[in-house]
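# Architecture and fold: a report
Here are the chains, one letter per residue:
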Amino acid sequence: MIGEPRVCCEVPILTIRTAEPDDLAQIVFHYAADALGGHGDDWNPRTEAAYRAAFAAIATSPDGRLYVAVEEVSVVGVFQLIVFTTMTGRGARRAKLASVQVRAENRSSGIGERMVRHAEALAREAGASALELGSSKRHHDAHRFYDRLGDERHREGFRKRL
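Everything numeric in this text was worked out from a predicted model, so none of it was measured.

## Quick look at the side chain of Asn44
The residue Asn44 is located in the loop between helix H1 (24-32) and helix H2 (48-60) in this model. A distance of 2.7 Å separates a polar side-chain atom of Asn44 from the backbone nitrogen of Arg46.

What follows is the structure, encoded as structure tokens:
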């Protein structure tokens, strides 16, 4: 006879949802912690208004959203998804996955893959025929991650600061 049910291991429930204004401090924390590709992000009283304005612009855009991966009440990951129409491919819809971050202590736990798969599903639902993403040349671990997920290295990117 089988005994009492036992819990083998507790796995936190991961929820991926549209970011909310109350998530902002935790979101910026993720970007500030990126030593390789960081943009000088820092959440403090001097920068809060700029982040709130950026969040409002993203939240009201018809083309993109900011998403968070949450375990209990902690934001453990963040990404932005932008869907747009191009002239090429007779008006093909494409999606861009941007600003992907998983909290350092949560990497290699499946959160990043779940976030990317969620972004892919959202892009498909929006009619996108391809999902594009960029990654700093210094993020070798991220490149291995995207290779493992089946993303192909497609083109060389260029950028000019304005």
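Moving on from the model shown.
## Re the sheet that holds strand E1 (residues 14-18)
The strands making up a sheet associate through backbone hydrogen bonding, with each pair oriented either parallel or antiparallel. Spatially, the five strands line up as an open sheet ordered E1-E2-E3-E4-E5, and their pairing is mixed. Looking at strand neighbours, the two that pair on one side only are E1 and strand E5 (130-133), the edges of this open sheet. Neighbour-to-neighbour, the strand axes of the sheet open up by a mean angle of 25°, direction not taken into account. Relative to strand E4 (residues 93-102), strand E3 (residues 74-85) runs antiparallel, the two sharing eight bridges. Bridge pairing links Leu81 to Leu97 in E4.

## Quick word on the packing of aromatic side chains
Overall, the coordinates contain two aromatic pairs when judged by the stated rule. Residues Trp43 and Tyr51 carry aromatic rings whose centres are separated by 6.0 Å and whose planes lie at 35° to one another, so their mutual orientation is tilted. Assessed through its relative accessible area of 25%, Trp43 is described here as partly exposed.

Thresholds applied
- Residues numbered from 1 in each chain as written.
- Predicted model: local features only at pLDDT ≥ 70, side-chain atom pairs only at ≥ 80, totals over all residues.
- Heavy atoms only, no water.
- Helix = DSSP H or I, 4+ residues; strand = E, 2+ residues; numbered from the N terminus.
- Polar contact = N/O pair within 3.5 Å; in protein donor to acceptor, adjacent residues only side chain to side chain.
- Pairing = 2+ DSSP bridges.
- Axes fitted to C-alpha atoms, helices over the stretch in contact; angles between N-to-C directions.
- Phe/Tyr/Trp six-rings, centres within 6.5 Å; stacked < 30°, edge-to-face > 60°.
- Buried < 20%, exposed > 50% of the residue type's maximum accessible area, 1.4 Å probe, protein only.

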